[in-house]
Amino acid sequence: MLATDTAAAGGARSLAPSSHHHGHRPAPSVVTGRLRLRELGAPCIPVPDLVGRLACVRQVHAHRASVRTVSWSREEHDRLITGGDDLHIGLHAGCGATLLGTYFTGHSHNIFSAQPVPFARQRVVTCAADGEIRCHDVRRASTFVLAEFSGSMVFKVAFRPQCAEEFLSTHNDGRVRLFDLRLPAGWSHPAIIDLGQRTCTTNVAFRPGCPHQFAVGTDPDPFVRLYDLRRMAGPMQCYAPEHLAGAPPRSLSRGGGASGVDWSDEGLIAASYRNGDIFAFDPRSYAPRSIRASGPGPGRAGGPDHGRPLEACLTHVQRYSGALFAKRTVPEQVKFLFGGAFLGAGSDCGRVFVWRTETGRLARILNADGAVVNCLAPHPRLPVVAVSGMDHHVKIFECSGAPGLSALCAGPGPDAGVQPSSNGGPAGGGTRGGVGS
C-alpha cells in the first residue's frame, strides 16, 4: 500500500481471454455530493472531510505494462474497466476488488481509451495508437474493428449521455468523428470536426446530462471549443487563457495545448494545459473577444470546421497551479471530484493534486505512481477514485471512514457470463504483430 499524505472497418475476430461564488449558501456542488451519499444510505459527510480521508486502499493488478485508461460503468456502479500497454483490457468488480477477466484486444499499439458501452453489460469500445477503434464483447470473447485510420492515432472515445449507440472519437489528424454502433459493418463514420493536420483533437467531454453539447481540447492549439451536435456548422463558443490565445503557433508547439477537458455538474469547464496550469471557464458568462490572427487560419478546404477561431472568451474563473504537465506524449485527464466541489489532476511527478474548485486552493496531494500519473477516474456515485500511470497496476483511493462504503465496494464473485481470467499472454486471433508484454 502506498503512502498517501502530503497535506495541503473490419470483420469479426476472436477476443481470447488471457489472464463562482454562491453567497453564504452552500455551493450546489457540495449539496450534490452530500445527496449522493445519502442516496447510498450513508450518513452525510461534509465534502472537505471526504478529501481529507482519501487513502489508497488497494492496488488492482491486471496488466503487465503501464495502464493508460481507467473508466467506470455508470450503470453497474462497481464495475471498473482498465486498458494497458500490454494490449489487454481488464474487467473488475467490487470497485477493483475482484478481477473478472483480462482480454486481449487485437490492437497492435498502446490502448489510449477503453469505455464500457452504456446499458450493454459486456461490451467495451477501445481505441489505440494503431489507428483502430474496436468493439469487444467479453461475454462471447470476440472483437471486431469498427474503423481503421492508417497513419493516425485515436486518443479518446466518449459516449453520448444516456445513449448506448453513439460516441465520438478524437484523432491526431485534427478530426472528431461520430460513430453509431447500429450501423452495419463497413459503414463510413463522418468527421464532424476537422481542424487541420497541424492540430490534434486530444480530448472530448460531453456536458453532464446533455447528449448534444460537448467540449473538445486541442494541441498545440490552446482553444477549448464547445459544440452542439444539432448545429455543427462550427463551435458555439471558444475559450483560451489570454496569454496563450495570441501566441504564435511555433511557441505553442513547445507547450500550450489543452490536453485534458472535463465538465462539472454546475456547468464549468476545466482544461489542463501542457507546460502550464489548469484553467476553469464558465459558459454561463461567455464574453468573446477578437483574436489577432498569428498562424494558419482555416483547416482543410471544405472541412466542417475552421482551424483557428476569430474570437473567443479569454477570461477564466479560476486557475489551478502546482501539477506538472511537461512530459506529455498522450492526452491526460483532469476531473471534477465529489459533485464538482474539488478538481483533481495527475502530474508528471507521480502525484495527484486536488484543489478546491471555487477558490483554486490546493487541498491535497496524493502519492499515486512511481513516475507519471496518466489517468484519474472518479466513481460516478461513491467517494472512490481510480488512478493509473506508468506503474503496471491501478490504485483505488477511498474515503476511509465513510460508513457503509466497505460493504458497497465488496467484491462479488465472477459473473457467470464473464470468462475467468488467467495470467497467460495474448492468444487467439485478431493480433497483427502485437507489442510484447
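Rules and cut-offs
Residues numbered from 1 in each chain as written. Predicted model: local features only at pLDDT ≥ 70, side-chain atom pairs only at ≥ 80, totals over all residues. Heavy atoms only, no water. 1 Å grid on protein atoms, 1.4 Å probe; cavity = no way out; pocket = protein on both sides within 12 Å on 5 of 7 lines; lining within 4 Å. Points joined across faces, edges and corners; volume = space filled by probe spheres on them. Helix = DSSP H or I, 4+ residues; strand = E, 2+ residues; numbered from the N terminus. Nonpolar A, V, L, I, M, F, W, Y, C, P; charged D, E, K, R; others polar. Phe/Tyr/Trp six-rings, centres within 6.5 Å; stacked < 30°, edge-to-face > 60°. Buried < 20%, exposed > 50% of the residue type's maximum accessible area, 1.4 Å probe, protein only. Core = buried A, V, L, I, M, F, W, Y, C linked by side-chain atoms within 4.5 Å. pLDDT = per-residue confidence, 0-100. Contact = heavy atoms within 4.5 Å. Pairing = 2+ DSSP bridges. Axes fitted to C-alpha atoms, helices over the stretch in contact; angles between N-to-C directions. Polar contact = N/O pair within 3.5 Å; in protein donor to acceptor, adjacent residues only side chain to side chain.

This paragraph deals with empty space enclosed by the protein. Considering only enclosed or pocket space, the second largest cavity measures out at about 40 Å³ in volume. What lines the second largest cavity is simply Leu54, Leu337, Val352, Val354, Leu366, Leu376, Val385, Val387 and Phe397. Among the elements of the structure, β29 (351-356) and β32 (384-389) are those that each provide at least two residues to the lining of the second largest cavity. Each residue belonging to the lining of the second largest cavity can be placed in one class, and the counts come to nine nonpolar, no polar and no charged.

Moving on to the packing of aromatic side chains. For the coordinates displayed, the defined rule picks out 10 aromatic pairs. Aromatic pair Phe214 and Tyr227: ring centres 5.5 Å apart, planes at 20°, arrangement stacked. Remark: Tyr227 occurs in strand β19 (residues 224-228) and Phe214 occurs in strand β18 (residues 213-219); sequence separation between them is 13 residues. Assigned by exposure class, Phe214 and Tyr227 land together as buried. Ring geometry for Tyr239 and Tyr286: centres 5.2 Å apart, planes at 65°, overall edge-to-face. Of this pair, Tyr239 sits in strand β20 (residues 237-239) while Tyr286 sits in the loop between β23 (278-281) and β24 (289-290), and the two are 47 residues apart along the sequence. Aromatic ring contacts, followed pair by pair, group Phe159, Phe167 and Phe179 into a single cluster.

This part covers the nonpolar core. Of all hydrophobic cores here, the largest spans 20 residues; its most connected members are Phe338, Phe342, Val352, Val387 and Phe397. Elements represented by at least two residues in this core include exactly α2 (47-53), β4 (54-61), β29, β30 (362-367), β31 (373-378), β32 and β33 (393-399). The dominant element in this core, judged by the number of residues it contributes, is α2, at three residues.

For the protein, mean pLDDT is 80; residues scoring 70 or higher make up 74% of the total. The model gives residues 1-44 a pLDDT under 50, and that stretch makes 121 contacts with residues more than four places away or in other chains. Ignoring residues within four places in sequence, the model shows residues 413-437, a span with pLDDT below 50, making 63 contacts including any to other chains.

This next bit is on the sheet that holds strand β21 (residues 258-263). The strand order β21-β22-β23-β26 describes an open sheet built from four strands, whose pairing is antiparallel. Since the sheet does not close on itself, it has two edges, and those belong to β21 and β26 (318-320), each with one partner. Neighbouring strand axes in the sheet, compared pairwise and without regard to direction, differ in orientation by 20° on average.

Now for the side chain of Ser388. Looking at where Ser388 falls in the secondary structure, it is placed in strand β32. A polar contact is formed between the side chain of Ser388 and the backbone oxygen of Val67, at a distance of 2.9 Å. Once residues within four sequence positions are removed from consideration, Ser388 is found in contact with Val67, Val70, Val373, Asn374, Cys375 and Val394.

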